[in-house]
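Now for the letters of each chain:
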Amino acid sequence: MAKRDYYDILGVRRNSTQEEIKRAYKKLAFEYHPDRNPGNVKSEERFKDINAAYQVLSNPEKRAQYDSFGHISGEGFFSDVDFTTNFNDLFGNLFEEVFNAGRRRHAERGRDLKYNLELAFEEAAFGVEKEVVIPKRVMCSECGGGGAAPGGEIVCVMCGGRGEVRYSEGFFAISRTCSNCRGPGRVIKIPCPLCSGEGLITSEQRIKVKVPAGVSDGARLRIRGEGEAGYNGGPSGDLYVEIYVKEHQFFKREGKDVFCDVPVSFVQAALGAEMEIPTLEGKTILRIPPGTQPGQSFRLKGKGVASLNGRGKGDLYIKAQVEVPVKLTSKQKQLLEEFARSGEGDENPAVKKFFEKFRELFG
Ligand SMILES: [Zn+2]
Ligand SMILES: [Zn+2]
C-alpha cells in the first residue's frame, strides 16, 4: 500500500496552522497511546503513523517539502513510496480494462499513475518545467460520471430506491445492502453512450511537471490528484513521475558533485598549462601546475549541482588524464632521447625511489 496522506492521518486540512496541527496531534496521540490501549496492535500502528505525520507536518521545512513532493525519506530522496500495489502502468493495461456496467457503484479513489520522464543532464541539474501528455481516465463529460444516458437510470425495483433491503426475523429487523443495485438505489438501464456506463473516459491530459534543480536519476515526484479520476465521487489518484537522467558526454554525477575527465598532454602536465575545460555553465579556464600527475583532480568549488533542498551546491572535479604521446616522428624521438640523457633523475622522483629500493633488494 502507498503511504497514507499525513494530513489525513492527523485529520487536518492542508492549510491548517501549526497550532491546529499540534492540537490534532495531541488529541490523537492521547487517544491511541499504547499505554491506554495495551496489546492493541491496530492502535499501536495508528500511534506510529500519527507520530510520523506529526514529525513532518510540525516542521515547516519538512512540511513544505512534503507538500511539493509527498513522502520523502530522510536523505531527501523520493524513495520510500511503495509501488507494488495499485499501480496502473501508463502504457500497460490502461486500455484493456473490461467494461462491466453497474459494477462500481460505491465511491472509490482513482488509481495512481506512473510516468517515466527522461531528462537531459543539465535539466536535472538546473531544474526544468516539462509538459507531459498523459492518457488517463477522467470523469465522463457526457454523464458527469453517473454512467447513465439521459433518462437511462431507473429506481431499483428490489429496494425501491432505498439501497438496502430489510428482513424481519422474529423480533429482529436486519437490513442488508440491496443486491440488485448494490447501494445507490438506482439502476442503469441505458448506459451513457460516451463512456459505456463506466462514468470515466480516457482522454489525453497535458500536465505541467515542475522538476526541482538537483533531482537525481531514479527520483520520484508525486503530483497530487493528477492520477485517474475516482469512481462515483471518490478522490482522484496521484501521478508519480519517475525521473531518468540521460548520460552526459563529459560529466558524471555523484549526488551534488560532478566529475569530468580531461585529457592533458604530457608536455602540458610537465610544464603546467592553462586549459579550456567544460563546466555545467559553459567553458572556463583551468590552470594546472607544472608536474601535474595522471589522475590528479582539481576541485572547482560550487560548480556542481544544486542541492535538492535549495541550500548550497556541489563541486566540479576535473581529473587530469595525462596522455602519453603515440606516433612520434623521428625528430620527436630524437628530442625525447636527448631529454632523457639531459636529466639527472630528479625529474622522475618515483622512478628514482623505486630503483633505489630495487638495487637494495637485488644488489
Ligand atoms: Zn458517460
Ligand atoms: Zn436496490
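Residues numbered from 1 in each chain as written. Chains lettered and ligands numbered in written order. Predicted model: local features only at pLDDT ≥ 70, side-chain atom pairs only at ≥ 80, totals over all residues.

Visitor: Which parts of the structure should I look at to understand the overall build of the chain?
Guide: Helix and strand counts for the chain stand at eight helices and 16 strands. Within the span of the chain, comprising 363 residues, buried residues form 23% of the whole. In the chain, 64% of the contacts between residues at least 6 apart in sequence involve partners at least 24 apart. (Helix = DSSP H or I, 4+ residues; strand = E, 2+ residues; numbered from the N terminus. Buried ≥ 20, exposed ≤ 12 C-beta atoms within 10 Å, placed from the backbone. Contact = placed C-beta atoms within 7 Å.)

Visitor: How should the sheet that holds strand S12 (residues 257-265) be read in this particular structure?
Guide: Note on sheets: strands pair through backbone hydrogen bonds, and any given pair is parallel or antiparallel. One open sheet accounts for four strands, arranged S11-S12-S16-S15; its pairing is mixed. In this open sheet, the two strands that pair with only one neighbour each are strand S11 (251-254) and strand S15 (297-300). Across the sheet, the mean angle from the axis of one strand to that of its neighbour is 30 degrees, orientation sign disregarded. Bridge analysis of S15 against strand S16 (residues 316-323) gives four bridges, and the strand direction is antiparallel. Each bridged residue has a counterpart across the sheet, and for Leu300 the counterpart in S16 is Leu316. (Pairing = 2+ DSSP bridges. Axes fitted to C-alpha atoms, helices over the stretch in contact; angles between N-to-C directions.)

Visitor: Would you mind showing me how to read helix H8 (residues 349-362) here?
Guide: Because an α-helix completes one turn every 3.6 residues, residues spaced three or four positions apart along the sequence face the same direction. Over its 14 residues, H8 extends 20 Å from the first C-alpha to the last, a length consistent with the 20 Å expected when each residue adds 1.5 Å. Little of H8 is tucked away: zero of the 14 residues are buried. Gly363, located one to two residues past H8, shows a positive phi value of around 70 degrees. (Expected span 1.5 Å × (residues − 1).)

Visitor: Mind showing me how you'd approach the environment of Gly304 here?
Guide: With respect to the helices, strands and loops of the structure, Gly304 is situated in the loop between S15 and S16. Taking the C-alpha atoms as reference points, Gly304 and Phe259, 45 residues apart in sequence, are found 8.6 Å from one another. In this structure, Gly304 is in contact with Lys256, Asp257, Val258, Lys313, Gly314, Asp315 and Leu316, ignoring residues within four places of it in sequence.

Visitor: When you look at the nonpolar core in this model, what are you seeing that I'm missing?
Guide: A general trend in soluble globular proteins is that nonpolar side chains are found buried together. Formed by 22 residues in total, the largest nonpolar core has its most connected members in Ala124, Ala125, Val215, Leu239, Val241, Ile243 and Val258. Looking at this core element by element, the count peaks at five residues for strand S10 (residues 239-245). Ala148, Cys159, Cys181 and Cys192 belong to the second-largest nonpolar core, a separate cluster that totals 14 residues. (Core = buried A, V, L, I, M, F, W, Y, C linked by C-beta atoms within 7 Å.)

Visitor: In this structure, what is going on with helix H2 (residues 18-32)? I would like to understand it.
Guide: Its 15 residues place the ends of H2 21 Å apart at the C-alpha level, agreeing with the 21 Å of an ideal helix rising 1.5 Å per residue. Among the residues of H2, those classed as buried are Ile21, Ala24, Tyr25, Leu28 and Tyr32. One face of H2 carries all of its buried residues, which in axial projection span an arc of 100 degrees. Facing away from the buried side of H2 by over 90 degrees, the exposed positions are Glu19, Lys26 and Phe30. For H2, the secondary structure elements touched by its buried residues are helix H1 (6-10) and helix H3 (41-57). (Arc of directions from axis to C-beta.)

Visitor: Help me understand unusual backbone geometry in this model?
Guide: Glycine aside, negative phi is the norm for most residues, and most peptide bonds take the trans geometry. A positive phi is found at Ser196, a non-glycine position, where the angle reads about 55 degrees. Its place among the elements puts Ser196 in the loop between strand S7 (186-188) and strand S8 (200-211).

Visitor: Even after reading the chapter, I still don't get the packing of H2 against H3, so can you show me in this structure?
Guide: Each pair of packed helices can be summarised by the angle the axes make with each other and by the distance between the axes. Running from amino to carboxyl end, H2 crosses H3 at an angle of 160 degrees, the nearest separation of the two axes being 9 Å. On the basis of their axis angle, the class for H2 and H3 is roughly antiparallel. Judged by the twist between their axes, the crossing of H2 over H3 is left-handed. Across the interface between the two elements, Ile21, Tyr25, Leu28, Ala29 and Tyr32 of H2 pack against Ser43, Arg46, Phe47, Ile50, Tyr54 and Leu57 of H3. (Parallel < 35°, antiparallel > 145°, perpendicular 65-115°, else oblique. Left-handed = near helix turned anticlockwise from the far one by under 90°.)

Visitor: How should the pairing of strand S9 (residues 220-223) be read in this particular structure?
Guide: Every regular strand shows the same layout, with side chains that alternate between the two sheet faces. Burial along S9 is two-sided: the residues Arg220 and Arg222 and Leu221 and Ile223 are all buried. The pairing of S9 with S10 spans four bridges and is classified as antiparallel. Looking across to S10, one finds that Arg220 is bridged to Glu242.

Visitor: Explanation requested: the environment of Asp257 in the structure shown.
Guide: Mapped onto the elements of the fold, Asp257 is located in strand S12. C-alpha separation for the pair Asp257 and Lys313, spaced 56 residues apart in sequence, amounts to 8.1 Å. Beyond its immediate chain neighbours, meaning those up to four positions away, Asp257 contacts Gly304, Gly314, Asp315 and Tyr317.

Visitor: Hey, could you run me through the confidence of the model for the chain in this one?
Guide: One rule of thumb: low pLDDT means the predicted coordinates there are not for detailed reading. On average, the chain scores 83 in pLDDT, and the residues at 70 or more come to 88%. Mean pLDDT values for the elements of the chain range from 35 in strand S1 (residues 87-89) up to 97 in S15. (pLDDT = per-residue confidence, 0-100.)

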